[in-house]
Amino acid sequence: MTHTCEPITAPVLGDPDVLGDAVVPGDPVVSGDPVVPRGECPEVASLVAPYLRIIRSALPPVEAERFLVRALDAHEEERRRAGALQLGFSAYLWDGLGDSWGGSLAHASAWEAMQAIRHLVRKAPTADLSAYLRLGIRLVREPGAGAPARTPVPVGA
């Protein structure tokens, strides 16, 4: 499966310390619109965005940020060792998260969402995982970045 789409390059948000420029059609968490890192394909962004929202909603903001930072570290380690014998992204991420990781359903949800993001980005030849991870970090750092408000569902509904 080869994706042929034109990347978006028009800067809308400027946050050079975290992402650079990104295009945000609306509030990505409320509206469900994809957030597109600068130079990335909107088609890939629309597929990755729901998984970033899963991570953002499954974990408390501080833990989500830590998870995404560790994922970025794991990705950079994997890239640094490209062409050499290595353990790979998942092993580096697991090691970076430490012994306290993996004991909850929220952790399992975030882990599986990250694996899906990685799989999608690897299928798109020009997509950059680090751009999406930096975007995720920026999203969880925004004020009010906790889990979206949920309406309680009555028992038996």
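Everything that follows concerns the structure shown earlier in this document.
Presented here is a report on the structure given in the accompanying data block.

So, how was this worked out
Residues numbered from 1 in each chain as written. Predicted model: local features only at pLDDT ≥ 70, side-chain atom pairs only at ≥ 80, totals over all residues. Heavy atoms only, no water. Helix = DSSP H or I, 4+ residues; strand = E, 2+ residues; numbered from the N terminus. Buried < 20%, exposed > 50% of the residue type's maximum accessible area, 1.4 Å probe, protein only. Contact = heavy atoms within 4.5 Å. Areas by Shrake-Rupley, 256 points an atom, 1.4 Å probe, with all protein chains shown as cover. Core = buried A, V, L, I, M, F, W, Y, C linked by side-chain atoms within 4.5 Å. Phe/Tyr/Trp six-rings, centres within 6.5 Å; stacked < 30°, edge-to-face > 60°. Salt bridge = Lys/Arg side-chain N within 4 Å of Asp/Glu carboxyl O. Axes fitted to C-alpha atoms, helices over the stretch in contact; angles between N-to-C directions. Left-handed = near helix turned anticlockwise from the far one by under 90°. Nonpolar A, V, L, I, M, F, W, Y, C, P; charged D, E, K, R; others polar. Arc of directions from axis to C-beta.

1. Points about the overall build of the chain
Then, number 1: Of the regular secondary structure elements, the chain holds six helices and three strands.
Then, number 2: The secondary structure elements of the chain, listed N-terminal to C-terminal, are β-β-α-β-α-α-α-α-α.
Then, number 3: Each of the 157 residues in the chain was classed as buried or not, and the buried ones make up 37%.
Then, number 4: Taking all contacts inside the chain whose residues are at least 6 apart in sequence as the whole, residues at least 24 apart take part in 66%.
Then, number 5: Counting only carbon and sulfur atoms, one obtains 55% of the accessible surface of the chain, whose full area is about 8800 Å².

2. Considerations on the nonpolar core
Then, number 1: Core analysis: the biggest nonpolar cluster contains 33 residues, and Ile55, Phe67, Leu93 and Met114 have the highest contact counts within it.
Then, number 2: Among the elements of the structure, α2 (42-58), α3 (61-80), α4 (89-97), α5 (105-123) and α6 (129-141) are those that each provide at least two residues to this core.
Then, number 3: At seven residues, the largest contribution of residues to this core is made by α6.
Then, number 4: Beyond its immediate stretch of four places on either side in the chain, Met114 contacts Ile55, Phe67, Leu68, Ala71, Phe89, Leu93 and Leu133.

3. Some points on the packing of aromatic side chains
Then, number 1: In total, this model carries two aromatic pairs according to the counting rule given.
Then, number 2: On the basis of an interplanar angle of 10° and a centroid distance of 5.0 Å, the ring pair of Phe67 and Trp101 is categorised as stacked. You can see Phe67 sitting in helix α3 and its partner Trp101 sitting in the loop between α4 and α5, a full 34 residues away along the chain. Of the two residues, Phe67 and Trp101, both sit in the buried class.
Then, number 3: For the pair Trp94 and Trp111, a centre-to-centre distance of 5.2 Å together with 85° between the ring planes defines the contact as edge-to-face. Residue Trp94 is located in helix α4, and its partner Trp111 is located in helix α5; the two are separated by 17 residues in the primary sequence.
Then, number 4: Taking the relative accessible area as the measure of exposure, Trp94 reaches 42% and is therefore partly exposed.

4. What about the pattern of salt bridges?
Then, number 1: The tally for this structure, following the rule as stated, stands at seven salt bridges.
Then, number 2: In this structure, the salt-bridge partner of Glu65 is Arg141, at a minimum N-O distance of 2.7 Å. With a gap of 76 residues between them, Glu65 in helix α3 and Arg141 in helix α6 connect regions that are remote in the sequence.
Then, number 3: Of the charged contacts, one joins Arg80 and Glu77 as a salt bridge, the two residues approaching to 2.8 Å between their closest N and O atoms.

5. Some details on the environment of Ile137
Then, number 1: Within the secondary structure layout, Ile137 lies in helix α6.
Then, number 2: When the C-alpha positions of Ile137 and Leu68 are compared, they lie 6.0 Å apart, and in sequence the two are 69 residues distant.

6. A closer look at the packing of α4 against α5
Then, number 1: For the pair α4 and α5, the least separation of the axes is 12 Å and the interaxial angle reads 150°. When the axes of α4 and α5 are compared, the crossing they make is right-handed. Every residue of α5 that contacts α4 at Phe89, Ser90, Leu93, Trp94 and Leu97 is listed here: Trp111, Met114, Gln115 and Arg118.
Then, number 2: Grouping the constituent residues of the contact of α4 with α5 by class yields six nonpolar, two polar and one charged.

7. Comments concerning α4
Then, number 1: For α4, the complete set of buried residues consists of Phe89, Tyr92, Leu93 and Leu97. All buried residues of α4 project into a common sector of 130° when viewed along the axis, lining one side.
Then, number 2: Where the residues of α4 are buried, they touch α3, α5 and α6.
Then, number 3: Looking one or two residues past α4, Gly98 carries a phi angle of roughly 85°, positive in sign.

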